[in-house]
Structures are given as structure tokens and as C-alpha cells.
Amino acid sequence: MILSLMTALALGQGADAPEVSFSQRVPLEALAGMETEDAVGRAGPDRSHVPAVIPPEILTLPAFSEVELAPGVRGLLMPVPGVRKVGVSVILHKGQLDLDGDTTVASYLTGWTMDVASARWGMAEMSSYTDMWDLSVGSWMEQRRTVVKLVAPKEALGRGLEVLEDVLLHPVFPEAEIKRQIKENKRYLLDNGPTDPKAIARSAVAYGWASPETPWGRRPDVKEWSKVRQDDLIARHQAVLSAPVTVLVTGDLTWDEAQPMLQGLVSHLGGEGEALPPADFTPPTERRVIAVSTPGLGQVQLMVRLAAPERGSEDQGAFELVNQVLGGSFLSRLNSNLREEKGLTYGAYSSYGPDQTRGLWTLRFDTAVDKTALAVGQVELELDRMAEGGMTDEELGWSRSQLISQWNGTLQTGSDAHTAAADWVEYGEDPIVAREYIVGLGAVDVARSQEVAARWLGPDAPRVWVMVGDGEVLRQQLDALGWQAEWITGDQALLGDL
Amino acid sequence: MLLTLLSLHAFAGGDLAMPYQIHTLDNGLTVILAEDHRTDTVALHVRYDVGAKDERDGEYGCAHLFEHLMFEGSANVPGNSFDTWLTAAGGENNAWTSEDETAYHMTFPSGALDVALFLESDRMGFLREGLTAENLANQQSVVVQERYRYYDAPNGQDYDALTVLLYPPEHPYGHTVLGPVAQVQGFTEDGVHAFWERNYKPGNAVLSLVGNIEPEQALGRLRYWFSDVADRGAGEPILEFPEPPSTQALGVMEDEVEERTLYLSWPTVPTGHPDEPALDLLASILSDGRGTRLDDELYYDRQLATSTSAWASANTLSGYFLVEASVARLKLPKLEKEIHRVLDGLQTAAVTEAELDRARRSLRSSMLDHIETPQGRAGALVACYVTTGEADCLDADWARYQAVTPADISRVAATWLTPERQVSLSVIPNGDKGALPGAQVVVLP
């Protein structure tokens, strides 16, 4: 049964939910006060100290407004006043593992080619129509979900939903497109990828980290690509349509406006079942060093991956701050050390990706191949230093400020807002939980940062290092480090043959 | 000009107007202010009229080096305090350099306005005092690493090679933005100081502030923080330069690549030229996804090419049109014929209103997306001002694109994309023989 807007209001999550709290901007009067304080009219401005900062408050967002759009179809709305575009994601809670028990090429291609053409629009017509009306339509399949996403200007939302509905319910999976996708993927795996040092490094670290026994580490199989047929995709598409569904809507609109437009779509959707988590993951238990020789290149691509806290775990917030300080920002210790102090690299950046069943911390940078040992030594040193001592108060302060600013920028555009909301929905969160997480960063202190860093980055934590560069020089550099490496080729890296 | 502000794509609807205030400070700095109270963010964008075009021989790469040095300390902002203080206040920053200009941009919470203005004014007024030999040497090394990382990537040298072919060495665009390694490594403290004195001054810059500000208060803070930044005169416009050659040129470069790539380019028009809109739209009609001519013909339908693109670039002094395609097996002479067949089709099968409408709408949507964020709007206001003298230029510029007809598209293709003016670059795998015949090896400086 479809819940009315009034029902939602009765739950306190509808139109009478608090509006986005822009009143929490820094009061402009405060800046006016600073002006008089700073002695305008003197010979020059006071440059003897850093001017005072009025810290921003943490933006408050309303909870999702939840309605039942149809049996088995949950609707979530996040109103975002003032943005130009509306986002609509239809999330079918059935994915690759539900269909095939594994991540397969057929299920990947099903998600990837749904949005290419539909019963109403051929491939060229679809591309032209979406360009004409500024509609961005995308589809993909994950381990446990299939998603079709629309971002459209509010005035073109009706047209966008027509496309979304046709793509979702009546995709045609053109043979020509399937063949093209197969050809392109084979070309990447066999031809272009093995000549690209960055692609080699990415693959080597992914497959070096994840065993082929887990869906996270499934190796590409060129023969499997060649075997995929249109019927395989059609069958999988039909299977996911029976899943329970969540429809997420974000933008400058209400359920009163959105619901009538969604009716045609949701009346064909809805199923029973439970949304399951992705596959479990067990990180490697030993350190690995994987080296790939690419003769003649002046630089070496370096990556290192470690296990990190999972999404929602107690360590997540503290580790996010640790990442910011270690390598997650321009000001980080690793970038400061390798770039700003030693001029060894154009930039060293780390990322922290927490999923429900696994967390990853990955650092990537490049340097002159004959500086490999020096640069790698510095990374090991910084990892140890963080694991032993955690962060300073100053580092805690700026890393927290960065994350708060990112949070406060969540609603800058309609696309940004939808991306953030979709992320929360993926992990069973909402704007309230997400804000609590940001607020909770304030409770992390130096001792806590050290405790978390020691647990995840300590010397016993398995690390997978990948080095892609001129083999002759790399061997000397590995000798200088006293490290033994597994040597593989670029082709092996791309195919996960290690 | 629209294309110089953004990259491709999107729709109609929405408003291109950008209300603003403009002022000139006593020291000659032009400031543009615009309110946007949707979020707490403020964007600051400073554009100096200095790019590769302003570098003299021996200074090649210096404007780009300053993109690094401007964050390395000034008289009252020691060492890397620029980043430390701005980041602690919740801000972030970056910069970019082109043939024509250098832009420095920050975003920060409104309560950090004074920190941002303190930092920006200190480096505009007093960078020289903070510039040490150590900083210089370090950033020279970082820039060299930056260049190597491009060159080690497949096709990472192609655009530098194209520059060599398109412009004579004495042309302001005749060298690359990053500069040759030898020159970058050869910069001295004195030379860098002189470059800064000549170019990084209020009279050669435009600053915009967009976001959660109240313009009168913001103007007061700008006047306060920039009050001790001396007026060092206006910039030095480039008045004379050689025209790019309008004769055919063929170059070839071998690289560690798997596929052959062909670049066909033609010298065209500078920004503001009457033909600029039609050339921009022509690029979109040729290559903007399914349903566009080059992409359908070579990539989607016949699958002769593994990638295709078309681009119209209009800079201050000159411009060029570029068609690019990569192939796995096809010989490049055959690919060239196929590309010309598509280009010739612009005369035999005239561009339709539908094709033109799609290209226009894509462009307009891109613009609307671009100016939705405070930083995008801040950049657009400055770009408009330096290009047209009017900060809120997008509606007027859009009118130029609306006036383009299908006949204009055919005309600009026939006028500018002629075989006798074509500059081609074949990039082939090491040892391969598939280049265009007669191509000369391109030597990068």
C-alpha cells in the first residue's frame, strides 16, 4: 500500500521535518565585528599572526522522509532546497552473488548495458535524447544490488523518469553493444593494460591483496568474456526485477511532486526478500612484494595496501582521521615528506575505503626508479611513526576540519547531494547517522588515534607492496631494501596471474 | 569562449546570469564579488595574466613553476604554512597553469575569510621574501617528476609533440606549459624573482570571491588585507607575435604504446573570433557520444577506431581544431582517409537543426553545471571578465552560439579544416611502420 504524504508527516519525517539548517552558517555580523577589531585605517594589515577563524558548525540535515511507494518498494526522500537537479536512484536489492553466487562477466555486463538502449530509444536516440534534456542515466550491478540512477534538471524530471522507467523495465541489451564491450575489455586486458604502468600497478595490488577464492578477487577470464550472450543478460535482468526495491529521491522537491511521477515506474516493481551484505573478505596474512619490470621507464609506480577498519566499525572514524594525516591530503605526512621535503614525487596520496565486510587502505605514488629504496623506506618509516605515536593535536585539528568542511559541502549541487545520500543508503545509514559520525570525530584524541593506528598499521600488519618500473634498476633498489620480490609480467598483473 | 570555461556536456533550462559587483582596489587589483548563501562555502579565485605565452627563452616553464612556488611561503607565511593554516580553517586550494594564464583557487568556510585573504594577499605582495633557494630547488625537482609521470604514461608525450608541430619555436605558444627539463632545472633565484616582479602583481590579476559573503563586508576585508600590497603597474600585453604557419606539417613519434594514434589539427581562431562558436559546436557535432558523426562512423558503428575525439581550442592569441583517433590494426593513412570522409560529409550531408540543437544544449548544460558551485562561478566570473571585459558574460556569449546556423558549421569546416593547412601527428608503437607517409620524426625539447 502506498503511504500518503500525510502518513509520512505523522511519522515526523515528511514536509514538516526541519529544513536544511542554513541558519547555521557563520553569522555575517561576526565578520563585521572582526573588521572593527582589526584596526582598519592603520598603515597596513596586521600580519603578525594568523587571523582568527570562526569554526563552522556541522550542517544539520533532515532525516529521510520514508514512504511505501508500492508493495515491496520503499521510497526515501531527502529534500535539498535551491539545487538545480533532482537525483533518483532505483535500487534493486539483488545483485551478482544472488544471481550467480559469484561476480561474473554476464552479471557485470547486465548492469553495465541496461542503460544503453530500451524498447523506446535505440542507442543513438538514447544518447541524443539524454543530451538534449541534460539527463544523466547510469546503471550497474554490484554484489548484492542493481542500481539505475537518474540525475536531471527538475524541469526535465518527467522526461528523465520516462527514460529511467524504460531502461529499467524494457532494456534491449543490443548484440552490437555486447560485442563492443567484450572487444574493449579484451583489448584492455591483453593489449593496452599491460603497457600502462598505472594499470599494471592497480591490477597487481588488487589481485595481490584479494585471493581468487573470494568474489572480491575474482580473476578476469578472457574466455568467459567471449562466451557471454544476449540471452544471459536478459535472463539476469528479469531475475533482478523481482527484488525488493528502494527508490531514493533527492533535490528541491517534495513527495507531493515526486510521487505522482514515480507511480508508473513503481507499479511494476517490488518483491520480497532481505538485502544481504557483500561477500566476506579475509585479508592476506603475510607481507608480499610484487615487482613488474617495464624497461626504459624513468619512473616507478609504487602502491602499498593494508587492511583497514570496515564500515560501521568502532575504529572507522579514528582511522579516517589517521588516513587524512598519513596520506589522505596534500598536507599529509607522506606527501610532505616525499614531495615537499625531499622532492621525490609529484604527489603521494592514500585512500581509505571502508565497505561492510572489508576495509582497504591504499597508498599510490611515483618517483624516479633509482630513488625507490629511499622513497619506500620513508613510507615504512611514516607508517611506523603513525603506529607508534598516532597524531598530534594539531594534526587532529586540521584533519577534523577537513572532514567537517567536506560534510558541509554535501549539498552544494544536486548531484553531490544525491551521491552522498546514495552512499548512506548503500550502508543502511541516513543523514542523521551520517552526521553523528562526523560529530563523533570530535571525540577522537591523540591516544585513540595511536591505538587505532597501532592496530591497523603496525609492523605486523600484512602489507602488499607493488613496484612497476625498470627491472634492472628495481632489482638494485630491492637489494638495498633487503626485500625479496615476486616478479611477474604486466600481462600477468592484468589477468591476476599471481 | 564557452568551451574555454569548461569541458563538454549537458542541457537548456536554468539561468546563466551571474549577478556581481566589481571594484578596483587602490593598488590596481580588480575584485569581483557575488553572493551565494546556499551553503557556508566561500570560493576565492585569482587569475594572473601569466602563462607559457609570457615566458622568454630561458624562462620556459616558469609560470607553471610558480604554480608550485606560490604555496611555499611568503614574508609572513613561513614554509608550508599556507596549506597548514588554510587546511586547519577547513579550507582547500589548488592551482592550474595554461598557455595564457595561471589560476589559484581556494574554497573555505565563511568564518575563514580573513585567513584566506591574509594568505592570498601575502603571496601577492611579499612572496619574494619567502622564496628560498631550498624551496626553489625542491619544487624544480617536483616539476621534473611531474613531467616524467606524464611522459611515462602511454601517449603522455603526444600533446607536447603537437605543440612543436603547430607553432614555431618563437611563437608564445611554441613551448610547453611545463617547459623543457633543462630550462626548469636551470632557473636561478634571481631569474625567478624577476619573473615574479614582472607578472605577479595586483595590476596583472583579477580576484573573485563567491559564496556566503556580504559584498560590502567582503570588500572591506579585501581593502584591508590588500592595502599594503604595492601597485607595481599593469601587466605587459603581448602585442607582436608570429602567426602559426598555415602550411601542411607531418610529424611522427614512436612510443611505448600498443595502438596507433593519429592527430589531425588545423590552426584556427583566437577566443572572441566570430567563428569560435561554430567551431566549438562543430567539435560537438563530430564527437560527443553516440549519434555524433565521427564517433558513430569510426567508433560505435564500424568499430574501426578504439577511441575518437574532436576538440576546438581557442586561446588568447590563437586556436586550433583537433581530431584524434586511435586504432588497433588499421594503418594511419587509411584512418586519415576515413576521418576526411566524415569531414567531407559536412559539405555533402549538411548538418541538421537537430544535430546543432543537441550540440548547443550540451554546451549550455555544461555551463549551468559549471557555475552551480561557488568555485565554478568564481572562475567563470573571472574568465568572462578577462576575456570580454564583462564579468557576467554568459548570456551574451550564449547568444553567439544561438546565432550559429547549419550553414555556418559547413562554412567553418570548409574554411579552416583544409588539407593544405592540416598539421598531423602519427604516434606509433616502437618499430611500427604505420605512420602517414612523409612524416618527420618530432624531437621534443
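Given the structure is predicted, the values throughout are model-derived calculations rather than measurements.

**Considerations on the overall build of chain B**
If you tally the helices and strands in chain B, you get 16 helices and twelve strands. Judged by the C-alpha coordinates and their principal axes, chain B covers about 65 × 50 × 40 Å. Counting the 445 residues in chain B, one finds 66% classified as buried. Restricting the contact set of chain B to residue pairs at least 6 apart, pairs at least 24 apart contribute 82%. Approximately 15100 Å² of chain B is accessible, and the part contributed by carbon and sulfur atoms is 51%. Charged side chains in chain B number 31 positive and 66 negative. The centres of these two groups are separated by 6 Å.

**Some details on the interface of chain B and chain A**
Between chain B and chain A, the residue contacts involve 74 residues of the former and 76 residues of the latter. For the pair chain B and chain A, the two sides together bury roughly 6600 Å², of which 53% comes from carbon and sulfur. At the junction of chain B and chain A, the tally comes to eight salt bridges. Salt-bridge contacts for A:Lys85 lead to B:Asp369; the nearest nitrogen and oxygen are separated by 3.0 Å. Taken together, the connections running from chain B to chain A amount to 37 residue pairs in polar contact (both at pLDDT 80 or more).

**Remarks on the confidence of the model for chain A**
Residues and elements named next belong to chain A. Per-residue confidence for chain A averages 90 on the pLDDT scale, and 91% of its residues sit at or above 70. Counting interchain partners and residues more than four positions distant, the pLDDT-below-50 stretch residues 1-25 has 50 contacts. Every residue in residues 35-40 scores below 50 in pLDDT, and together they form ten contacts with partners more than four places removed in sequence or on other chains.

**A closer look at the pairing of strand β8 (residues 299-307) of chain A**
Residues and elements named next belong to chain A. Among the nine residues that make up β8, nine are buried, leaving the element largely enclosed by the rest of the structure. Side-chain alternation along β8 places Gln-299, Gln-301, Met-303, Arg-305 and Ala-307 on one buried face and Val-300, Leu-302, Val-304 and Leu-306 on a second face that is also buried. Summarising the sheet, β8 and strand β10 (residues 359-368) pair through nine bridges and their orientation is antiparallel. Looking at the pairing, Leu-306 lines up with Trp-361 of β10. Bridging between β8 and strand β11 (residues 463-469) involves six bridges; their strand directions are antiparallel. From the neighbouring strand, Leu-302 faces β11, where its bridge partner is Met-467.

**Remarks on helix α12 (residues 332-348) of chain B**
Between its terminal C-alpha atoms α12(B) stretches 24 Å, which fits the 24 Å expected from 17 residues at 1.5 Å a residue. Those residues of α12(B) that are buried are in contact with β8 (260-267), α10 (276-286), α11 (293-301), β10 (319-327), α16 (406-416) and β11 (423-429) of chain B.

**Details of the sheet that holds β10(B)**
All names here are of chain B. With mixed pairing, the six strands of this open sheet are ordered in space as β9-β10-β8-β11-β7-β12. With one partner strand each, in any of the chains shown, β9 (307-314) and β12 (440-441) form the two edges of the open sheet. Relative to β10, β9 runs antiparallel, the two being bridged by eight bridges. Within β10, the position partnered with Ser-307 by the bridge is Ser-326. Along the sheet face, α10 touches β9 and β10 and points at about 170° away from the line of β9. Across the sheet, α12 touches β8, β10 and β11, and the angle it forms with β8 is around 45°.

**Let's talk about the sheet that holds β10(A)**
All names here are of chain A. Across the sheet, six strands lie side by side as β9-β10-β8-β11-β7-β12; this open sheet has mixed pairing. Lying at the two open borders of the sheet, with one neighbouring strand each, are β9 (349-354) and β12 (486-488). Going across the sheet, the axis of each strand differs from the next one's by a mean of 20°, ignoring polarity. For strand β7 (residues 288-293) and β12, the ladder comprises three bridges, and the chain directions are parallel. What sits directly across from Ile-290, in β12, is Glu-486.

**Considerations on the confidence of the model for chain B**
In this model, chain B carries an average pLDDT of 93, and 97% of its residues clear a pLDDT of 70 or more. Within the model, the stretch residues 2-12 of chain B combines pLDDT values under 50 with 58 contacts to residues more than four positions away or in other chains.

**Things to note about α11(B)**
Among the nine residues that make up α11(B), seven are buried, leaving the element largely enclosed by the rest of the structure. The complete set of buried residues in α11(B) reads B:Arg293, B:Leu294, B:Asp295, B:Asp296, B:Leu298, B:Tyr299 and B:Tyr300. Where the residues of α11(B) are buried, they touch α7 (175-192) of chain A together with α10, β9, β10, α12 and α13 (353-370) of chain B. The first or second residue beyond α11(B) is B:Gln303, which carries a positive phi of 50°.

**Considerations on the packing of aromatic side chains**
All names here are of chain B. Tallying each qualifying case throughout the model produces 20 aromatic pairs over all chains. Considering the side-chain rings of Phe-71 and Phe-82, the 5.3 Å spacing of their centres and the 85° angle between planes classify their relative orientation as edge-to-face. On the criterion of sequence distance, the pair formed by Phe-71 in the loop between α2 (62-69) and α3 (81-88) and Phe-82 in helix α3 is long-range, its members being eleven residues apart. A relative accessible area of 3% means that Phe-82 is categorised as buried. Measuring from ring centre to ring centre gives 6.1 Å for Phe-71 and Tyr-104, while their planes differ by 50°; the resulting arrangement is tilted. Taken together, the residues span a long stretch of sequence, with Phe-71 in the loop between α2 and α3 and Tyr-104 in strand β5 (residues 102-109) at a distance of 33 residues. Using a relative accessible area of 9% as the deciding quantity, one classes Phe-71 as buried.

The rules behind the values
Residues numbered from 1 in each chain as written. Chains lettered and ligands numbered in written order. Predicted model: local features only at pLDDT ≥ 70, side-chain atom pairs only at ≥ 80, totals over all residues. Heavy atoms only, no water. Helix = DSSP H or I, 4+ residues; strand = E, 2+ residues; numbered from the N terminus. Buried < 20%, exposed > 50% of the residue type's maximum accessible area, 1.4 Å probe, protein only. Contact = heavy atoms within 4.5 Å. Areas by Shrake-Rupley, 256 points an atom, 1.4 Å probe, with all protein chains shown as cover. Lys, Arg positive; Asp, Glu negative; His and termini not counted. Charge placed at Lys NZ, Arg CZ, Asp CG, Glu CD. Buried area = accessible area lost by both parts, 1.4 Å probe. Salt bridge = Lys/Arg side-chain N within 4 Å of Asp/Glu carboxyl O. Polar contact = N/O pair within 3.5 Å; in protein donor to acceptor, adjacent residues only side chain to side chain. pLDDT = per-residue confidence, 0-100. Pairing = 2+ DSSP bridges. Expected span 1.5 Å × (residues − 1). Axes fitted to C-alpha atoms, helices over the stretch in contact; angles between N-to-C directions. Phe/Tyr/Trp six-rings, centres within 6.5 Å; stacked < 30°, edge-to-face > 60°.

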